[in-house]
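Structural overview for review
Residues per chain are reported as follows:
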Amino acid sequence: MGRELREVVYVDGVRTAFGRAGPKGVFWRTRADDLGVKVVRELLRRNPELAPERIDDVIMAATAQVGDPGLTLGRDVALLAGLPKSVPGFAVDRMCAGALTAVTAGAGEISMGAADVVLAGGIEHMGHHPMGEDVDFNPRFVAERLVDTSAVTMGATAENLHDRFPQLTKEDADEFAVRSQHRAAAAWGNGVMRETVVPMTVFTDDGWRRADRDEFLRPDTSMEGLADLPTPFRPGGRVTAGNSAGLTDGATVALLASEQAVGELGLEPRMRLVSYAFAGVEPELMGLGPVPATEKALKLAGLALDDIGLFELNEPFAVQVLTWCDGMGVDPEDEQLNPYGGAIACGHPLAATGVRLMAQLAYGFRERPSVRYALTALCIGMGMGAAALWENVAARD
């Protein structure tokens with residue numbers, strides 16, 4: 001017997017500030033799961049119409065599924081945040097697209113009628129759990145030449161992109177990085193980030209302090225300052241700390257619901273999920289992933305790139321976004337692309353980033369009420385890409 005799938009809408013999303021990973025970072029003495037607790041509680045505070053018992057699932061992503069983000073992270077965060085014990089939860093991992101995958105998993109539950117309201121997001125504590133720590137890579141990957149050895153080092157894959165696309169120079173990457181920093185600085189100055197970032201009081205080596213600002217912001221970044229930075233992934237390379245995202249700790253969460261539920265509960269929907277797609281590419285060229293993922297998402301939606309009026313792409317490396325621009329025919333300087341800056345400025349706590357992109361997109365829709373469709377996209381380690389298309393509820397016919 002057939003059934004009609006239900007529409008899924010994004011209601012709200014928040015994140016912590018993104019702190020520098022390691023002992024000098026603001027979250028060094030804060031547990032990963034407690035970062036998730038903070039954003040869940042803030043999301044409920046901002047949406048008092050939602051009774052906690054109406055939440056049907058809590059889905060949290062983490063790339064490090066050990067230690068303080070270990071066990072079944074969504075369930076742990078739900079219990080620690082004080083949600084009723086009747087609210088279930090689970091964890092997912094798709095590395096950099098973890099939060100986006102949590103959202104699409106929750107959307108599937110809502111679409112099928114298994115849930116009305118879902119909280120979905122991601123947590124990464126790269127200070128407590130550096131990338132690749134406690135990972136036992138199968139030696140067959142290299143011995144059987146299933147992947148190039150550079151595939152397991154994200155910076156090396158970015159250098160590979162420069163090799164594959166020699167027209168994308170270091171100067172191009174540095175120019176993109178400067179724009180990201182300057183746009184992020186403007187977004188912090190005009191209130192964009194104050195609406196999406198949750199301040200959190202944390203204990204540090206210097207006592208209690210308020211974590212309310214991303215620690216990698218460099219508003220005075222210039223081409224001159226980036227020109228002579230070292231290239232850690234290759235002698236004489238083109239990838240530097242200046243045109244890459246910093247290693248960061250942070251958490252995000254989004255509130256998703258069915259169209260029926262938002263009407264019943266009095267919630268205000270902001271975006272409708274139109275389509276999403278994941279794609280695989282050569283692992284050593286992982287940054288190419290968003291190109292086929294974007295193409296698949298557009299095809300599923302029956303839309304063309306010209307229909308999209310706003311783009312939020314992750315920026316693990318400037319060259320990665322430049323390859324997407326090259327493949328899709330988008331000007332890297334376009335004001336519709338990452339208008340509030342990106343990960344080069346704020347950092348990229350792997351599994352958390354997807355919802356940051358969505359929160360900025362929702363804000364962008366509000367600033368641009370005539371824009372109907374927008375895109376979020378990320379590359380993913382080991383050669384994948386993810387993309388999701390959204391419709392501005394305010395612009396629907």
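In this report, the structure presented in the accompanying data block is examined. (Residues numbered from 1 in each chain as written. Predicted model: local features only at pLDDT ≥ 70, side-chain atom pairs only at ≥ 80, totals over all residues. Heavy atoms only, no water.)

Describing the side chain of arginine 6
- Position of arginine 6 relative to the elements: it lies in the segment before strand E1 (8–16).
- Within the local environment of arginine 6, its side chain forms a polar contact with the backbone oxygen of isoleucine 110, the two atoms lying 3.0 Å apart.
- Beyond its immediate stretch of four places on either side in the chain, arginine 6 contacts Ile110, Ser111, Gly113, Ala115, Asp116, Ser258 and Gln260. (Helix = DSSP H or I, 4+ residues; strand = E, 2+ residues; numbered from the N terminus. Polar contact = N/O pair within 3.5 Å; in protein donor to acceptor, adjacent residues only side chain to side chain. Contact = heavy atoms within 4.5 Å.)

Topic: unusual backbone geometry
- The phi angle at methionine 95 is positive, at roughly 45°, despite the residue not being glycine.
- Among the secondary structure elements, methionine 95 is positioned in the loop between strand E4 (89–92) and helix H3 (98–112).

Focus on the nonpolar core
- In this structure, Ile308, Phe311, Leu313, Trp324, Leu337 and Leu375 are the most contacted members of the largest nonpolar core, which totals 43 residues.
- Going through the elements one at a time, helix H5 (154–164), helix H6 (170–190), strand E10 (271–280), helix H10 (290–301), strand E11 (308–313), helix H11 (318–328), strand E12 (373–380) and strand E13 (384–392) are the ones with two or more residues in this core.
- At seven residues, H11 tops the list of elements feeding residues into this core.
- Those residues in contact with leucine 313 that lie beyond four places of it in its chain are Val321, Trp324, Leu337, Asn338, Leu357, Leu375 and Ala377.
- Within the second largest apolar cluster, 38 residues are counted, among which are Leu73, Val77, Leu119 and Met200. (Core = buried A, V, L, I, M, F, W, Y, C linked by side-chain atoms within 4.5 Å. Buried < 20%, exposed > 50% of the residue type's maximum accessible area, 1.4 Å probe, protein only.)

Considering empty space enclosed by the protein
- Tallying each qualifying case throughout the model produces one cavity of 30 Å³ or more.
- When its volume is computed, the largest cavity comes out at roughly 40 Å³.
- Grouping the amino acids of the lining of the largest cavity by side-chain chemistry returns three nonpolar, three polar and three charged. (1 Å grid on protein atoms, 1.4 Å probe; cavity = no way out; pocket = protein on both sides within 12 Å on 5 of 7 lines; lining within 4 Å. Points joined across faces, edges and corners; volume = space filled by probe spheres on them. Nonpolar A, V, L, I, M, F, W, Y, C, P; charged D, E, K, R; others polar.)

With respect to the packing of aromatic side chains
- Taken as a whole, this structure holds five aromatic pairs when the rule is applied.
- Ring centres of tyrosine 10 and tryptophan 390 lie 6.2 Å apart, and the angle between their planes is 75°; on these two criteria the pair is classed as edge-to-face. Taken together, the residues span a long stretch of sequence, with tyrosine 10 in strand E1 and tryptophan 390 in strand E13 at a distance of 380 residues.
- Classification of tryptophan 390 by relative accessible area gives buried; the value is 1%.
- Taking 5.7 Å as the distance between ring centres and 90° as the angle between the ring planes, the aromatic pair formed by tyrosine 340 and tyrosine 363 counts as edge-to-face. In this pair, tyrosine 340 sits in the loop between H11 and helix H12 (343–346) while tyrosine 363 sits in helix H13 (residues 353–367), placing the two residues 23 residues apart along the sequence. For the pair tyrosine 340 and tyrosine 363, one class covers both residues: buried.
- The ring of phenylalanine 18 carries arginine 15 above its face, with NZ or CZ at 4.4 Å from the centroid.
- Above the ring of phenylalanine 216, the side-chain terminus of arginine 20 is found at 4.6 Å from the ring centroid. (Phe/Tyr/Trp six-rings, centres within 6.5 Å; stacked < 30°, edge-to-face > 60°. Lys NZ or Arg CZ within 6 Å of the ring centre and 35° of its normal.)

Considerations on the pattern of salt bridges
- Scanning the entire structure with this criterion turns up 22 salt bridges.
- A salt bridge links glutamate 7 to arginine 272, with the nearest nitrogen and oxygen atoms 3.0 Å apart. A residue pair is termed long-range when its members are at least 10 positions apart, and glutamate 7 in the segment before E1 and arginine 272 in strand E10 qualify at 265 residues.
- The exposure class of arginine 272 is buried, given its relative accessible area of 13%.
- Across the pair glutamate 159 and arginine 238 runs a salt bridge whose closest N-O atoms are separated by 3.5 Å. (Salt bridge = Lys/Arg side-chain N within 4 Å of Asp/Glu carboxyl O.)

Considering the side chain of glutamate 124
- Along the chain, glutamate 124 turns up in strand E5 (residues 117–125).
- This buried residue, glutamate 124, is left without a salt bridge; arginine 356 holds the nearest opposite charge, at 13 Å.
- Separated by 3.0 Å, the side chain of glutamate 124 and the backbone nitrogen of alanine 351 make a polar contact.
- Setting aside residues no more than four positions away along its own chain, glutamate 124 makes contact with Ala62, Thr63, Ala64, Thr248, Asp249, Gly250, Pro349, Leu350 and Ala351. (Lys, Arg positive; Asp, Glu negative; His and termini not counted.)

Here's the deal with the layout of surface pockets
- Approximately 660 Å³ is the volume found for the largest pocket.
- Its residues assigned to classes, the lining of the largest pocket comprises 19 nonpolar, nine polar and two charged.
- Counted as a void, the second largest pocket has a volume near 480 Å³.
- Around the second largest pocket, the lining comprises 23 residues; the ones closest to its centre are Thr63, Met95, Met131, Gly132 and Val135.
- Tallied by class, the residues present in the lining of the second largest pocket amount to 14 nonpolar, five polar and four charged.

Brief notes about the pairing of strand E9 (residues 248–258)
- Summarising burial for E9: eleven of the eleven residues are buried, a large majority.
- Covered by surrounding structure in E9 are Thr248, Gly250, Thr252, Ala254, Leu256 and Ser258 together with Asp249, Ala251, Val253, Leu255 and Ala257, the residues of both alternating faces.
- Both E1 and E9 contribute to a ladder of seven bridges, which runs antiparallel. Note on E9: the bridge partner recorded for arginine 15 is threonine 252.
- Pairing geometry for strand E2 (residues 19–20) and E9, over two bridges, is antiparallel. Residue pairing for E9: glycine 19 is matched across the bridge by aspartate 249.
- As judged from the nine bridges shared by E5 and E9, these two strands associate in the antiparallel manner. (Pairing = 2+ DSSP bridges.)

Side note on H11
- Along H11, nine of the eleven residues are buried, which leaves the element largely enclosed by surrounding structure.
- Tucked inside the fold, the buried residues of H11 contact H5, H6, H10, E11, H12 and E12.
- Glycine 329 sits one or two residues past H11 and shows a positive phi near 75°.

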